[in-house]
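This is what each chain is made of:
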Amino acid sequence: MSDFKVRKLESGHTRIRNVPIAVTPEGFWCCPSPAVLQKSLKQSNHHLNKHKKPTSPKAPSLPPEISPIETQTEPVAQNPDPVTAPDPTPETQQRKISVGFGRAETSDLKVVLHGKEGIAVSISAHKEVIYENSSFFREKMGLDSRVTCIELSDCDDVEICVETIGLMYCKEVKSRLVKQSVPRVLRILKVAESLGFKACIISCLDYLEAVPWVGEEEEESVLSSIKTLQINANCRTTTADNSNNNSYDNNVYRASPLLRRVVSSDTTTPPTETLSYIMDMVLKSTDERARREMKTLVLKLLKENNLWVNGSVDICTETLYASCRVCLEALLVSFKQATEPNFADNSLEKKDAVYKKINLEADNILWLVEILCDRNAADDFVMIWAEQDELAQLHAVLPVTCRHVASRITARLFVGIGKGEILPSMQMKTALLNVWLKPLMDDYNWLQHGCRNFERKVVEEGIGRTILTLPLEEQRNILLAWLGSFLRAGDSCPNLQRAFEVWWRRTFVRPYLADRN
């Protein structure tokens, strides 16, 4: 609506056509859709091309309380006024579909909307209603009572603009928005804001506050419209005179309750505290299925959401590491209980409870490590895990059926180091291999056949790459120890032949090639 012109209404011969538009006792509401407008436009062009005089079709029968709306198609004047008429371009030489509401004989203002696709809608309106409800039209009309026609060019949404002007005749605008879709109300809100239709803006905001927003896309559309509305209101506030009657005040528009749906006003509970509470609830869940589903969901949300910007990464990492330490302490306590001398004398129920506790705490640690790896923040956990000497010693005493869950944590760390997700120092990697590689090889057969999601090749590649990042002497010691285990256990031991080949070439081939060069 960047261009507009005000002029007196020109008289001329018109041809009347009825379209399915209705007028309620309160005023205009049922406006034509773009399809109806285009259909009327095509029919008019079709009759014009055939040089046939258009005939007036029979008006559709409507209820007694609803009167038919007259649509008039009128040609553009052949000799337009060079000052007031638009340029004779193909876009301006278009057929007009005139839509009226109320009684046409009592209207004293015509509003012409020039839209896209060659549509121009002429609305028979009333100055008093338009002047009272629209600050845009009030500013354009000013104090000149002789204005009888206002034209708006480049109207992006003619259909909604017609509907919004019709809403100026309604006493309760909000009741007219009931059962409307959120996207359509957003379109009405946009037009109402451009027209300065304060009552409609407030009704749209009340509607958007009351209804649910379905889907992320719809939510983003609502928030974008509200933010645009606030920005425009602030711009008008800064440029307007200091007046107490500012219709663009944010408090009048009441947009804040809408934003409170997505922005918390509680400053006493920081997001990190809420996140810590959620993590604690998931970790302490007693239902296995619910815990597994929520772990998957929280991990997915943490991967999608950008919670690690503007310094919050450190706070969130501290929360995760605090949970890791709690789980490690619980795992160590359970290991000690399972290795007590008289543990075998306990009932089967008590032993199962301890084994379930071991499995739970190890699974919790594995979940936390997965989150840390995704955030590239698991470097320190490598050292924490490598320092669990007591846990590794107790691991050798326990049966493989319950201890193998600890080896899953070790395998995940090796995979993370091999993929570059974890970047520990050389000392950390050496300590990790010295403490946990042998327990992993002892449990390897069970991991292959007893763990559903265990990826053997990925784990073996991670172990090999971790070994090959150490000094050559360390590589030799570890790979020779592996070779002895592999020759005894075969497939029950990790297959590190690829890493062994690399170490072989580095030890026996590369020195001679260097001497030759």
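Residues numbered from 1 in each chain as written. Predicted model: local features only at pLDDT ≥ 70, side-chain atom pairs only at ≥ 80, totals over all residues. Heavy atoms only, no water.

As recorded in an unreviewed UniProt entry, the chain goes by BTB/POZ domain-containing protein and comes from Rhynchospora pubera. The record in UniProt for the chain states the following under Function (unreviewed entry): "May act as a substrate-specific adapter of an E3 ubiquitin-protein ligase complex (CUL3-RBX1-BTB) which mediates the ubiquitination and subsequent proteasomal degradation of target proteins." Annotation of the chain in UniProt includes, under Pathway (unreviewed entry), the sentence "Protein modification; protein ubiquitination." (UniProt positions renumbered as here; feature names shortened; annotations may be inferred.)

Trainee: It is not clear to me how the overall build of the chain should be interpreted in this structure. Could you clarify?
Mentor: The helix and strand inventory of the chain stands at 22 helices and 8 strands. A total of 517 residues make up the chain; the buried ones form 44% of that total. Taking the intrachain contacts of the chain between residues at least 6 apart in sequence as the baseline, contacts between residues at least 24 apart amount to 73%. In the form shown here, the chain has an accessible surface area of approximately 29,300 Å², with 51% of it arising from carbon and sulfur atoms. (Helix = DSSP H or I, 4+ residues; strand = E, 2+ residues; numbered from the N terminus. Buried < 20%, exposed > 50% of the residue type's maximum accessible area, 1.4 Å probe, protein only. Contact = heavy atoms within 4.5 Å. Areas by Shrake-Rupley, 256 points an atom, 1.4 Å probe, with all protein chains shown as cover.)

Trainee: It is not clear to me how the pairing of strand β7 (residues 120-125) should be interpreted in this structure. Could you clarify?
Mentor: Regular strands place their side chains on alternate faces of the sheet. Of all 6 residues making up β7, 6 are buried, and the element is well covered by its neighbours. Because side chains alternate across β7, one face comprises the buried residues Ala120, Ser122 and Ser124, and the other comprises Val121, Ile123 and Ala125, equally buried.

Trainee: Which parts of the structure should I look at to understand the state of the cysteines?
Mentor: Covalent bonding between the sulfur atoms of two cysteines defines a disulfide. Per the stated rule, a full pass over the model turns up 0 disulfides. Take cysteine 200: it sits in no disulfide, and the sulfur closest to it among the cysteines is that of cysteine 204, at 4.0 Å. (Disulfide = S-S within 2.5 Å.)

Trainee: Would you explain the pattern of salt bridges in this entry?
Mentor: Note that side chains of opposite charge can pair when their charged atoms are close. Scanning all chains against the criterion turns up 16 salt bridges. In this structure, glutamate 293 and arginine 289 form a salt bridge, with 3.3 Å as the shortest nitrogen-oxygen distance. Of this pair, glutamate 293 and arginine 289 both sit in helix α12 (residues 288-304), 4 residues apart, which is roughly one turn of the helix. Judged by relative accessible area, which is 45%, glutamate 293 ranks as partly exposed. Taking the relative accessible area as the measure of exposure, arginine 289 reaches 57% and is therefore exposed. A cluster of three or more residues bridged by salt bridges with shared partners is formed by Asp157, Glu159, Glu163, Arg184 and Arg187. (Salt bridge = Lys/Arg side-chain N within 4 Å of Asp/Glu carboxyl O.)

Trainee: Help me out: how do you make sense of the packing of helix α21 (residues 472-489) against helix α22 (residues 497-516) in this one?
Mentor: Axes are the key here: two packed helices are described by the angle between their axes and the distance separating the axes. Two elements in contact, α21 and α22, have axes separated by 10 Å at closest approach and are oriented at 135°. When the axes of α21 and α22 are compared, the pair comes out oblique. Crossing handedness for the pair α21 and α22: left-handed. Residues Leu472, Gln475, Arg476, Leu479, Leu480, Trp482, Leu483 and Phe486 of α21 form the contact with α22, whose participating residues are Gln497, Ala499, Phe500, Trp503, Arg506 and Thr507. (Axes fitted to C-alpha atoms, helices over the stretch in contact; angles between N-to-C directions. Parallel < 35°, antiparallel > 145°, perpendicular 65-115°, else oblique. Left-handed = near helix turned anticlockwise from the far one by under 90°.)

Trainee: Can you walk me through unusual backbone geometry in this structure?
Mentor: Leaving glycine out, the prevailing phi sign among residues is negative, and the prevailing peptide bond configuration is trans. Of note, lysine 179 is a non-glycine position whose phi angle comes to about 70°, a positive value. Counting through the fold element by element, lysine 179 comes out in the loop between α5 (173-176) and α6 (182-195). A relative accessible area of 84% places lysine 179 in the exposed class. Even without being glycine, asparagine 376 reaches a positive phi, approximately 55°. Relative to the helices and strands, asparagine 376 is located in the loop between α14 (348-374) and α15 (379-386).

Trainee: How do you make sense of the confidence of the model for the chain when you look at a structure like this?
Mentor: Segments scoring low in pLDDT should not have their predicted coordinates read at a detailed level. Residue-level pLDDT values for the chain average 79, and 73% of them are 70 or greater. pLDDT under 50 marks residues 88-95. Its contacts with residues more than four places away, or in other chains, come to 20 contacts. Across residues 308-313, where pLDDT falls below 50, the model places 7 contacts with residues more than four positions away in sequence or in other chains. (pLDDT = per-residue confidence, 0-100.)

Trainee: Would you mind showing me how to read the packing of aromatic side chains here?
Mentor: Where two aromatic rings form a pair, the distance of their centres and the angle of their planes describe that pair. Applying the stated rule across the entire model yields 11 aromatic pairs. Ring geometry for tryptophan 482 and phenylalanine 486: centres 5.1 Å apart, planes at 25°, overall stacked. Taken as a pair, tryptophan 482 and phenylalanine 486 lie in helix α21 at a separation of 4 residues, close to a single helical turn. In this structure, tryptophan 482 and phenylalanine 486 share a single accessibility class: buried. One aromatic cluster is present, formed by Trp482, Phe486, Phe500, Trp503, Trp504 and Phe508 through successive ring pairs. Arginine 138 extends its terminal NZ or CZ atom over the ring of tyrosine 131, reaching a point 5.9 Å from the ring centre. Positioned above the aromatic ring of tryptophan 213, the side-chain terminus of arginine 261 is 3.9 Å from the ring centre. (Phe/Tyr/Trp six-rings, centres within 6.5 Å; stacked < 30°, edge-to-face > 60°. Lys NZ or Arg CZ within 6 Å of the ring centre and 35° of its normal.)

Trainee: How should I be thinking about the nonpolar core in this particular structure?
Mentor: Inside soluble globular proteins, nonpolar side chains tend to come together where they are buried. Membership of the largest hydrophobic core comes to 76 residues, with the highest contact counts inside it found for Trp367, Phe381, Trp385 and Leu432. Per-element accounting of this core gives the leading share, 11 residues, to α14. Setting aside residues up to four positions removed in sequence, leucine 432 forms contacts with Val382, Trp385, Ala386, Leu413, Phe414, Ile417 and Leu437. Listed in part, the 50 residues of the second largest apolar core include Ile160, Cys161, Ile201 and Leu223. (Core = buried A, V, L, I, M, F, W, Y, C linked by side-chain atoms within 4.5 Å.)

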